[in-house]
Amino acid sequence: HVTPNVKLLSLAFLLIFFSFDGIQQYVTTYFDEAGVRQVGFTSLLIIYIAFALVNPVAAVVVSKVGAKRSMLGAVSFYALYCFSLLSASAPLIYAASVLLGVAGAVLWTAQNSYLIRASDSAVYGVNAGFFSTLFAIGAASGVFLFGVLLPTLGYKTGFFLFALMPLLALVPFSRIQDIRAGAAPNKWREMKRALVSITALRIAAIWFAFNFIQGLMLGVIPLAIKQTIGVWAIGVLGGVFYIMPMLFAYVFGKFSDLRGRRGMITLMYALSIAGVGLMFGARIPAFLVAAILLFAFNFG
């Protein structure tokens, strides 16, 4: 069921997020140890605010230039952000964060669009599950490997080496077929229709709530792990966020093709609420680990 185009797409994202998630997991602790904790939090906040604000425009960009070209153009900004962390300049890091947020909006809009076009409607869940599995393998490997290498290499050398990895994704991106949708009569008018669509707003609200909670925890959990258990555990417990999708994403995707999406969405909300509740007791190792396991399972 999984086509060569979906396999290449998934491989490219594996390479990008091997690098970015491996580094992202340590951004807040890196700046915390440097005595400028706010730089790490502010950088992540800027990335996701820019990502959110640019998404509507990203849809127009992708429809104009095509999903393949959009993804090819966005890759270099992931490497740029990782390299910017090597500097001591907060303004430079913040500027790179803005660019990454914009590029991320284009990359993920193009990915969503391309995955649908490259898939048969009967196996949307299967292909989404396959993509999520490879994405998680890359991200988990990056988090684990960075954690293993950190005591030997240090933050800056690790950031430099990992910053090179997104550029390798240019190879599989260049080999995917350039699949495009039919031309819309007026792209801006279509975007306006989407923005006022009740169905689109309902779906967007689901993802806003989910990503708000997960994004909030992204900055908090590494520090909580460091304070409650120790910095050595960040790589181990952070990697769980990607092991769970590796184990369950394909299964849940296939199940959703057969049973529908509503039950999955309900479960997603329940796990998010339970995880946030447990984080109030994050000073207790058992509560923190249980919260992490719930959030990680939710990724699947």
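Definitions and limits used
- Residues numbered from 1 in each chain as written.
- Predicted model: local features only at pLDDT ≥ 70, side-chain atom pairs only at ≥ 80, totals over all residues.
- Heavy atoms only, no water.
- Helix = DSSP H or I, 4+ residues; strand = E, 2+ residues; numbered from the N terminus.
- Rg over C-alpha atoms; globule rule 2.2 N^0.38 Å.
- Buried < 20%, exposed > 50% of the residue type's maximum accessible area, 1.4 Å probe, protein only.
- Contact = heavy atoms within 4.5 Å.
- Areas by Shrake-Rupley, 256 points an atom, 1.4 Å probe, with all protein chains shown as cover.
- Axes fitted to C-alpha atoms, helices over the stretch in contact; angles between N-to-C directions.
- Parallel < 35°, antiparallel > 145°, perpendicular 65-115°, else oblique.
- Left-handed = near helix turned anticlockwise from the far one by under 90°.
- Salt bridge = Lys/Arg side-chain N within 4 Å of Asp/Glu carboxyl O.
- Phe/Tyr/Trp six-rings, centres within 6.5 Å; stacked < 30°, edge-to-face > 60°.

Student: Got a sec to walk through the overall build of the protein? Specific residues and values, please.
Tutor: What the protein contains, in helices and strands, is 12 helices and zero strands. Secondary structure of the protein in N-to-C order comes out as α-α-α-α-α-α-α-α-α-α-α-α. Taking 300 residues into account, the globule formula puts the C-alpha radius of gyration at 19 Å, and the protein, at 19 Å, falls close to it. Along the longest, intermediate and shortest principal axes, the C-alpha atoms of the protein span 55 × 40 × 35 Å. Expressed as a percentage of the 300 residues in the protein, the buried residues total 47%. In the protein, once contacts between residues fewer than 6 apart in sequence are set aside, the share between residues at least 24 apart is 83%. Of the roughly 14300 Å² of accessible surface on the protein, a fraction of 71% belongs to carbon and sulfur atoms.

Student: How would you explain the environment of Thr-133 if you had to name every residue and give the values?
Tutor: With respect to the element layout, Thr-133 can be found in helix H6 (residues 124–163). Residue class for Thr-133 comes out buried when judged on its relative accessible area of 14%. Between the C-alpha atoms of Thr-133 and Arg-259, which are 126 residues apart in sequence, the distance is 20 Å. Discounting residues that sit within four places of it in the chain, Thr-133 has contacts with Pro-245, Met-246, Ala-249 and Tyr-250.

Student: Help me get a handle on the packing of helix H1 (residues 4–24) against helix H5 (residues 90–117), residues and values and all.
Tutor: How two helices pack is summed up by the angle between their axes together with the distance between the axes. Packing of H1 against H5 brings their axes to within 11 Å, and their N-to-C directions diverge by 155 degrees. With respect to H5, the element H1 is oriented roughly antiparallel. Regarding H1 and H5, the two cross each other, and that crossing is left-handed. In this structure, H1 contributes Asn-5, Val-6, Leu-9, Phe-13, Ile-16, Phe-17 and Phe-20 to the contact, and H5 contributes Leu-100, Leu-107, Trp-108, Gln-111, Tyr-114 and Leu-115.

Student: For the pattern of salt bridges, give the residues involved together with the corresponding values.
Tutor: The full count for this structure, using the stated rule, is one salt bridge. Two residues, Lys-226 and Asp-32, come together in a salt bridge whose shortest N-O distance is 2.8 Å. One end of the pair, Lys-226, is in helix H9 (residues 198–228); the other, Asp-32, is in helix H2 (residues 27–33), with 194 residues separating them in the sequence.

Student: Tell me what's going on with the packing of aromatic side chains, and back it up with residues and numbers.
Tutor: Considering all chains together, one arrives at 25 aromatic pairs under this definition. Each ring, one from Phe-17 and one from Trp-108, has its centre 5.5 Å from the other, and the planes form 45 degrees; the classification is tilted. Of the two residues, Phe-17 sits in helix H1 while Trp-108 sits in helix H5, which places them 91 residues apart along the sequence. With centroids separated by 6.1 Å and ring planes inclined at 90 degrees, the aromatic side chains of Trp-108 and Phe-131 adopt a geometry described as edge-to-face. Within this pair, whereas Trp-108 is found in helix H5, its partner Phe-131 is found in helix H6, the two being separated by 23 residues in sequence.

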